[in-house]
Amino acid sequence: MGNSLKAILAFVPSNKCQKYLIEDLEEMPADKMVDLSGRQMRRLPVHICSFRELVKLYLSDNNLNHLPPELEQLQNLQILALDFNNFKALPLVVCTLKQLCILYLGNNKLCSLPLELRLLQNLKTLWIESNCLQYLPEVVCELSLLKTLHAGSNALRTLPPQLQCLQELRTIWLSGNLLSEFPPVLLDMPFLEVIDVDRNSIQFFPSLAHLPGLKLVIYDHNPCRNAPKVAKGVRRVGRWSEETPEPRKRSGAVIEITLDEKPLLPPAAKTEPE
């Protein structure tokens, strides 16, 4: 089906046209995954919500701005990708999916996150990059199992001190924000392995040598007067560092680095929950 035809049908709300967009997906696939990315959809066909054993649902790169309440039926869902859509607010029905491990919300129009997000206590990976966040919602600090947080390309100027409560957090991407100083709370998070503050406005870096878990710090494209001090064996990417080539990037996130354990990849990589 051509993209132009899809774009036309996306404006027609009839069930027949919307069903045509998803190419008559009548039964749940054997792998318990449905990928409806890039279908120009303006609403999720409700019958998808009848696939109650569904584990992965990819809805990236559509025109969605709401989700049907029937989505609550997908209580086995572990991966949900809603990036590259038109959400101005996270639909509350998402917060009822308590088995979610990975949630992609990047490249939308979110200015905040609902308090109900705290119900997702199995969440390990949260991508909220390229939204309209001027602050990191404190509810994120209540996701006790969170290991990877990508909040790059927003308008963050600081981080809440409650972030240090996330003792499972290992990777934090903050590139492309409005940080004028290195977030002090990160100095109290010895379990962090990857810190990315690329493309901010940080002028001075404190020593990071006391962080025993640190493996990689990316601080390039800041008007800094010094390089952060790090412990032996920690890789630095930025001015005055020993290694200067930048890793390959996608949507502001580093996805190719030399580590024993790589961070989770974007949705296109069809990652598995840990």
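Along each chain, residues carry numbers from 1 onward, in the same order as the chain's sequence is written. The predicted nature of this model means local features are confined to residues of pLDDT at least 70 and side-chain atom pairs, given and counted, to a pLDDT of 80 or more, with totals for whole chains, interfaces and linings taken over all residues. The basis for every side-chain value is the complete set of non-hydrogen atoms in the structure, without hydrogens or water.

- Looking at an unreviewed UniProt entry, one finds the chain named LRC10 protein and attributed to Poecile atricapillus.

1. Considering the overall build of the chain
Moving on, step 1. Helix and strand labels come from DSSP, where a helix needs a run of H or I of at least four residues and a strand needs a run of E of at least two; each type is numbered from the N terminus. Along the backbone of the chain there are two helices and twelve strands.
Moving on, step 2. Along the chain, helices and strands appear, N-terminal first, in the series α-α-β-β-β-β-β-β-β-β-β-β-β-β.
Moving on, step 3. Any residue under 20% of the maximum accessible area for its type is buried, any over 50% is exposed, and the rest in between are partly exposed; the area is computed with a 1.4 Å probe on protein chains only. Counting every position in the chain, which comprises 274 residues, the buried fraction comes to 51%.
Moving on, step 4. Summarising the internal contacts of the chain: among those between residues at least 6 apart in sequence, 28% fall at separations of at least 24.
Moving on, step 5. Note on areas: Shrake-Rupley, 1.4 Å probe, and residue coverage restricted to the protein chains presented here. In the form shown here, the chain has an accessible surface area of approximately 12,400 Å², with 51% of it arising from carbon and sulfur atoms. The criterion used for residue contact is that any of the two residues' heavy atoms lie within 4.5 Å.

2. What about the environment of Leu-214?
Moving on, step 1. For Leu-214, the position within the fold is in the loop between strand 8 (194-196) and strand 9 (216-218).
Moving on, step 2. Put simply, Leu-214 and Val-194 are 20 residues apart on the chain and 6.2 Å apart in space, counted from C-alpha to C-alpha.
Moving on, step 3. Apart from residues no more than four positions distant in its own chain, Leu-214 is found in contact with Leu-192, Glu-193, Val-194, Ile-195, Leu-208, Val-230 and Val-234.

3. Topic: the confidence of the model for the chain
Moving on, step 1. pLDDT runs from 0 to 100 and stands for how confident the predictor is about each residue. The predicted model of the chain has a mean per-residue pLDDT of 86, with 79% of residues at 70 or higher.
Moving on, step 2. Counting interchain partners and residues more than four positions distant, the pLDDT-below-50 stretch residues 243-270 has 70 contacts.

4. Description of the packing of aromatic side chains
Moving on, step 1. Two rings belonging to Phe, Tyr or Trp (six-membered ring only in the last case) form a pair when the distance between their centres is within 6.5 Å. Interplanar angles under 30 degrees mark stacking, angles over 60 mark edge-to-face geometry, and anything in between is tilted. One pass over the structure, following the stated rule, counts three aromatic pairs.
Moving on, step 2. Between Phe-205 and Tyr-219, the ring centres sit 5.3 Å apart and the planes meet at 65°, which makes this aromatic pair edge-to-face. Highlighted residues: Phe-205 in the loop between strand 8 and strand 9 and Tyr-219 in the loop between strand 9 and strand 10 (235-237), separated in sequence by 14 residues. This pair shows no difference in class: Phe-205 is buried, exactly as Tyr-219 is.
Moving on, step 3. Through successive ring pairs, a cluster of aromatic residues spans Phe-182, Phe-205 and Tyr-219.

5. As for the sheet that holds strand 10
Moving on, step 1. For two strands to pair, DSSP has to find at least two bridges joining them. The strand order across the open sheet formed by ten strands is 1-2-3-4-5-6-7-8-9-10, and the pairing between neighbours is parallel. With one partner strand each, in any of the chains shown, strand 1 (33-35) and strand 10 form the two edges of the open sheet. In this sheet, neighbouring strand axes are inclined to one another by 5° on average, regardless of whether the strands run parallel or antiparallel.
Moving on, step 2. The pairing of strand 2 (residues 56-58) with strand 3 (residues 79-81) spans three bridges and is parallel. Paired with Lys-56 across the strands is Ile-79, a residue of strand 3. All axes are obtained by fitting lines to C-alpha atoms, using only the stretch in contact for helices, and the reported angles, taken between N-to-C directions, cover 0 to 180 degrees.

6. Quick notes on the state of the cysteines
Moving on, step 1. Throughout, disulfides are identified as pairs of cysteine sulfur atoms within 2.5 Å of each other. Scanning the model with the defined rule gives zero disulfides in all.
Moving on, step 2. With no disulfide partner, Cys-111 has as its closest neighbouring cysteine sulfur the one in Cys-132, 4.7 Å distant.

7. Quick look at unusual backbone geometry
Moving on, step 1. The phi dihedral of Asp-61 is positive, around 60°, even though this residue is not glycine.
Moving on, step 2. Here Asp-61 shows up in the loop between strand 2 and strand 3.

8. Points about the side chain of Asn-108
Moving on, step 1. When you line up the elements, Asn-108 lands in the loop between strand 4 (102-104) and strand 5 (125-127).
Moving on, step 2. Any N or O atom pair separated by 3.5 Å or less is treated as a polar contact, with the protein-specific requirement of one donor-capable and one acceptor-capable atom, and with residues adjacent in sequence counted only for side-chain atom pairs. Engagement of the side chain of Asn-108 in a polar contact is seen with the backbone oxygen of Gly-106, the distance being 3.2 Å.
Moving on, step 3. Beyond its immediate stretch of four places on either side in the chain, Asn-108 contacts Leu-82, Asp-83, Phe-84, Asn-85, Asn-86, Phe-87, Ser-130 and Asn-131.

9. Some details on the pattern of salt bridges
Moving on, step 1. We define a salt bridge as a side-chain nitrogen of Lys or Arg found within 4 Å of a carboxyl oxygen belonging to Asp or Glu. Taken as a whole and assessed by the stated rule, the structure comprises three salt bridges.
Moving on, step 2. Salt-bridge contacts for Arg-118 lead to Glu-142; the nearest nitrogen and oxygen are separated by 2.8 Å. Separated by 24 residues along the polypeptide, Arg-118 in the loop between strand 4 and strand 5 and Glu-142 in the loop between strand 5 and strand 6 (148-150) bring together distant segments of the chain.
Moving on, step 3. Using a relative accessible area of 34% as the deciding quantity, one classes Arg-118 as partly exposed.
Moving on, step 4. Here Lys-215 and Glu-193 are joined by a salt bridge, their closest N and O atoms 3.9 Å apart. You can see Lys-215 sitting in the loop between strand 8 and strand 9 and its partner Glu-193 sitting in the loop between strand 7 (171-173) and strand 8, a full 22 residues away along the chain.

10. Topic: the nonpolar core
In summary, soluble globular proteins display a tendency toward joint burial of nonpolar side chains.
Moving on, step 1. The set of buried Ala, Val, Leu, Ile, Met, Phe, Trp, Tyr and Cys residues whose side-chain atoms join them within 4.5 Å is what this entry labels a nonpolar core. Ranked by size, the top nonpolar core spans 69 residues in total, and within it Leu-163 and Leu-186 carry the most contacts.
Moving on, step 2. A domain-level breakdown of this core finds at least three residues from each of domain 1 (19-112) and domain 2 (133-243).
Moving on, step 3. Ignoring any residue separated from it by four or fewer positions in sequence, one finds Leu-163 in contact with Leu-136, Cys-141, Leu-149, Ile-172, Val-185, Leu-186 and Met-189.
Moving on, step 4. Formed by seven residues, the second largest nonpolar core is a distinct cluster that contains Tyr-58, Ile-79, Ile-102 and Tyr-104. An automatic or database domain assignment supplies the residue ranges for each domain.

11. A short note on the environment of Glu-26
Moving on, step 1. Take Glu-26: it is sitting in the loop between helix 2 (15-21) and strand 1.
Moving on, step 2. Counting along the chain gives 22 residues from Glu-26 to Ile-48, while the straight-line C-alpha distance between them is 8.2 Å.

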